[in-house]
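# Close look at the chain arrangement
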Amino acid sequence: MSTPDTDPAATVDARGAACPGPLMDLIGKMREVDSGAIVCLLSDNEQSVTDVPEWVEEAGNELLAVEEREDHRAFYVEKQ
Amino acid sequence: MTDHVVILGGGTGGTVLANDLADRLETELATDKVRVTLLNDDPDHVYKPVWLYVPFGQREPEDGRRPLADLVDDSVDVRIDRVTDIDTDTRQLRTRRGPAIEYDYLVLATGSTLAPAEISGLAEGGHDYYSESGAKTLREELLSFTGGELVLSVIGSPHMCPAAPLEFVFMADDWFRERGLRDDVEITYTYPIQRVHGNPHIAEWARPLMDDRDINVETFFNAEAVDPEAETITSMEGTELDYDLLVSIPPHRGVDLIEEADLGDNGWVDVDKHTLEADHADRVYAIGDAADTGVPKAGSVAHYQAGVLAQRLASEVRGRPATATYDGKTLCFIETGMDAASFVEFDYEQPPSPAPPSQKLHWSKLAYNESYWLTARGLL
Ligand SMILES: Cc1cc2nc3c(=O)[nH]c(=O)nc-3n(C[C@H](O)[C@H](O)[C@H](O)COP(=O)(O)OP(=O)(O)OC[C@H]3O[C@@H](n4cnc5c(N)ncnc54)[C@H](O)[C@@H]3O)c2cc1C
């Protein structure tokens, strides 16, 4: 997994939101974008580490990368 | 100089706040140091929790309506008009009928609206009890429903009263059992994430109850489309369910005004979750469903936030530092059938721990609903 070269079509900043806020925010944005688009989710919630990959797999999308940043993570998800 | 506090929205939060300010600032209001205006687009105040009971024939929609002017202290100027524009630079509101209104402090208590059109086929194929008209139509459907697949799909998140979808399936299960129809009715509950409720503690408590009562569960189900002809609902995750009666918690949005005034996305105001001050404008606050604090969209939250904001505004008006803060307090009764309920209380730090269901808690919920009219008046 490595950070994608293409810019994400949308970034969802869910830092500070309690679970399940970040995952729900990601799902909401994935509804809006076209297939092939990349959405970047910023979350500082620990639960996202398991929640996000689980949903991405269930929905048949692809988790391209998880970037560890200073006080949060960036999840790059591609809509299939 | 008179300070003008304008409260936009005469639902639970706005009404409790107006009455609290009338009490707290009695002297300042009497001496014209401050004026309080409450704006609402409906002459009635609407108490939404009544709608849960309407489909089961236990309450009438009219039980949830009272004239707003009867509930609000006479020292508050109640105006029935729809606000069409907020200008936070000039501190002015434009309304549909009256002249522009200038404010010194603005409180947004505009609540939630439903957006079923966001899901193709939902408006035609689905029912709901999250609106007065929806609850009435659903009552007709339920009364004539004697067998088949009943699907309750939670689509919107965040949505009002996170407990109400669980309450609906628990009540439906009991209601059909009492009427000797349960063997002919399949009940399926769908939820967007991997458990049956957003809060893990409530989910852990509810799941075994659902299993015991043969309520089917589909998790990771985010509705994508409804086909009213074929009577199917499909999810983004690729699951398709047949239904004979579809009840949904539709997507929720705040009012458009908020986004138009750059105060937050989707109609929810970005606020400091402790002070309730808007992030993107001075002297603007939000309470209740409109405030994006991360806590549930519940009447109890709107009520507690109104109490905190009344203290903060009183301090502001008196030129003192505002010290009261909101700690995330949320209180919620959860019906677990037609005559039993549980109860949870939590805040930003303390997680919920649902109480064992009992008849006493069910009566407490009904008593709370009855005494709501005293709460709105600021007497409880
Ligand atoms: C079925 C159901 C059951 C529920 N059960 C419970 C429960 O058991 N316990 C609980 O705590 N909560 C419950 N709730 C949630 C609760 O009703 C809401 O969270 C609460 O009403 C929020 O209060 P509010 O003041 O933020 O908004 P609201 O009460 O929705 O009030 C908003 C007001 O603003 C007005 N408004 C909006 N825009 C404008 C404008 N532009 N101009 C003028 N006026 C405007 C609206 O007309 C409305 O009167 C339930 C909700 C539903 C739907």
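These numbers come from a predicted model, not from an experiment.

### Here we look at the interface of chain A and chain B
With 13 residues of chain A at the contact, the number on the chain B side is 14 residues. Summed over the three residues of chain A that lose the most area to chain B, namely Met 24, Arg 31 and Glu 58 of chain A, the buried surface amounts to 41% of that side. Joining chain A to chain B, the criterion identifies zero salt bridges. Taken together, chain A and chain B are joined by three residue pairs in polar contact (both at pLDDT 80 or more). Residues that form the side of chain A that touches chain B fall into these classes: eight nonpolar, one polar and four charged.

### Focus on the side chain of Asn 45 of chain A
Residues and elements named next belong to chain A. With respect to the helices and strands, Asn 45 occurs in the loop between strand E2 (38-43) and helix H2 (48-58). Here Asn 45 falls in the buried class, since its relative accessible area comes to 17%. Of note is the side chain of Asn 45, whose polar atom sits 2.9 Å from the backbone nitrogen of Gln 47. Residues within four places of Asn 45 in sequence aside, it is in contact with Ala 17, Ala 18, Cys 19 and Pro 22.

### Here's the deal with the site of the ligand
Residue and element names in this part refer to chain B. In the vicinity of the ligand there are 30 residues, among which Gly 13, Asn 40, Asp 41, Asp 289 and Gly 299 approach most closely. One of the side-chain N or O atoms of Asp 289 is found 2.8 Å from an oxygen atom in the ligand. Lys 365 places a side-chain nitrogen or oxygen 3.1 Å from an oxygen atom of the ligand. Isolated, the ligand exposes 1000 Å² of accessible area, and the fraction of that covered by the protein chains is 93%. Counting residues per element, the ones that place at least two in the shell around the ligand are helix H1 (12-24) and helix H9 (299-317). Tallying contributions element by element places H9 first for the shell around the ligand, with three residues. In the shell around the ligand, the residues fall into 12 nonpolar, 11 polar and seven charged.

### Concerning a negative patch on the surface
Together, Asp 25 of chain A together with Asp 256, Glu 259, Glu 260, Asp 262, Asp 265 and Asp 292 of chain B make up a negatively charged patch on the protein surface. Residue contributions to the negative patch peak at three residues, all from helix H8 (residues 256-260) of chain B. Position of Asp 25 of chain A relative to the elements: it lies in helix H1 (residues 21-32).

### Quick look at the domain arrangement of chain B
All names here are of chain B. On domain assignment, one finds that chain B holds domain 1 (3-112 + 254-329) and domain 2 (117-251). For domain 1 versus domain 2, the separation of C-alpha centres amounts to 31 Å. Counting each side, the surface lost to burial between domain 1 and domain 2 is near 1700 Å², with a carbon and sulfur contribution of 72%. Put simply, domain 1 and domain 2 have two salt bridges between them. Residue Arg 139 is joined to Glu 60 by a salt bridge in which the shortest nitrogen-to-oxygen separation is 3.3 Å. Counting across the interface, domain 1 meets domain 2 through three residue pairs in polar contact (both at pLDDT 80 or more). Each residue belonging to the side of domain 1 that touches domain 2 can be placed in one class, and the counts come to nine nonpolar, two polar and six charged.

### Some details on the packing of aromatic side chains
Residue and element names in this part refer to chain B. Under the definition given, this model contains 13 aromatic pairs over all chains. On the numbers, 5.5 Å between centres and 75 degrees between planes, the contact of Phe 56 with Trp 175 is edge-to-face. Linking Phe 56 in the loop between strand E3 (44-46) and strand E4 (65-67) with Trp 175 in helix H6 (residues 164-178), this pair joins segments that are 119 residues apart in sequence. When its relative accessible area of 5% is taken as the criterion, Phe 56 is described as buried. Relative to Tyr 368, the ring of Phe 333 has its centre 5.9 Å away and its plane inclined at 55 degrees; by these criteria the two rings are tilted. One end of the pair, Phe 333, is in strand E22 (residues 330-335); the other, Tyr 368, is in helix H10 (residues 359-370), with 35 residues separating them in the sequence. The partly exposed category is assigned to Tyr 368, whose relative accessible area is 30%. Through a chain of ring-to-ring contacts, three or more aromatic side chains come together here, namely Phe 56, Tyr 129, Tyr 130, Phe 145, Phe 168, Trp 175 and Phe 176. Just above the ring of Trp 175 sits the side chain of Arg 179; from NZ or CZ to the centre is 4.2 Å. In this structure, Lys 297 is placed above the aromatic ring of Trp 268, and the distance from its NZ or CZ to the ring centre is 4.1 Å.

### Some details on the pattern of salt bridges
Residues and elements named next belong to chain B. Considering all chains together, one arrives at 25 salt bridges over all chains under this definition. With its nearest N and O atoms 3.0 Å apart, the salt bridge here joins Arg 65 to Asp 44. Taken together, the residues span a long stretch of sequence, with Arg 65 in strand E4 and Asp 44 in strand E3 at a distance of 21 residues. Residues Arg 59 and Asp 63 are paired through a salt bridge, measuring 3.1 Å at the closest nitrogen-oxygen approach. Connected through salt bridges with shared partners, the residues Asp 42, Asp 44, Arg 65 and Glu 132 form a single ionic network.

### Points about the state of the cysteines
A covalent bond between the sulfur atoms of two cysteines is referred to as a disulfide. Taken as a whole and judged by the stated rule, the model has zero disulfides over all chains. Cys 161 of chain B takes part in no disulfide bond, and the closest cysteine sulfur to it belongs to Cys 332 of chain B, at a distance of 4.9 Å.

### A word on the nonpolar core
Core analysis: the largest hydrophobic core is formed by 106 residues, its most contacted members being Trp 55 of chain A together with Tyr 129, Phe 168 and Tyr 189 of chain B. Here the element with the most residues in this core is H6 of chain B; it accounts for nine residues. Counting the residues that make up this core, at least three belong to each of domain 1 (3-112 + 254-329) and domain 2 (117-251) of chain B. Filtering out sequence-adjacent residues up to four positions away, Trp 55 of chain A remains in contact with Leu 23, Leu 26, Ile 27, Met 30 and Asn 61 of chain A together with Phe 220, Asn 222, Met 236 and Glu 237 of chain B. One finds Ile 101, Val 271, Ala 278 and Val 284 of chain B within the second-largest nonpolar core, a separate group that totals 22 residues.

About the criteria used
Residues numbered from 1 in each chain as written. Chains lettered and ligands numbered in written order. Predicted model: local features only at pLDDT ≥ 70, side-chain atom pairs only at ≥ 80, totals over all residues. Heavy atoms only, no water. Contact = heavy atoms within 4.5 Å. Buried area = accessible area lost by both parts, 1.4 Å probe. Salt bridge = Lys/Arg side-chain N within 4 Å of Asp/Glu carboxyl O. Polar contact = N/O pair within 3.5 Å; in protein donor to acceptor, adjacent residues only side chain to side chain. Nonpolar A, V, L, I, M, F, W, Y, C, P; charged D, E, K, R; others polar. Helix = DSSP H or I, 4+ residues; strand = E, 2+ residues; numbered from the N terminus. Buried < 20%, exposed > 50% of the residue type's maximum accessible area, 1.4 Å probe, protein only. Near = heavy atom within 4 Å. Areas by Shrake-Rupley, 256 points an atom, 1.4 Å probe, with all protein chains shown as cover. Patch = residues over 30% accessible without salt bridge, like charges linked within 9 Å, V, L, I, M, F, W, Y side chains within 5 Å. Lys, Arg positive; Asp, Glu negative; His and termini not counted. Charge placed at Lys NZ, Arg CZ, Asp CG, Glu CD. Domains from an automatic or database assignment. Phe/Tyr/Trp six-rings, centres within 6.5 Å; stacked < 30°, edge-to-face > 60°. Lys NZ or Arg CZ within 6 Å of the ring centre and 35° of its normal. Disulfide = S-S within 2.5 Å. Core = buried A, V, L, I, M, F, W, Y, C linked by side-chain atoms within 4.5 Å.

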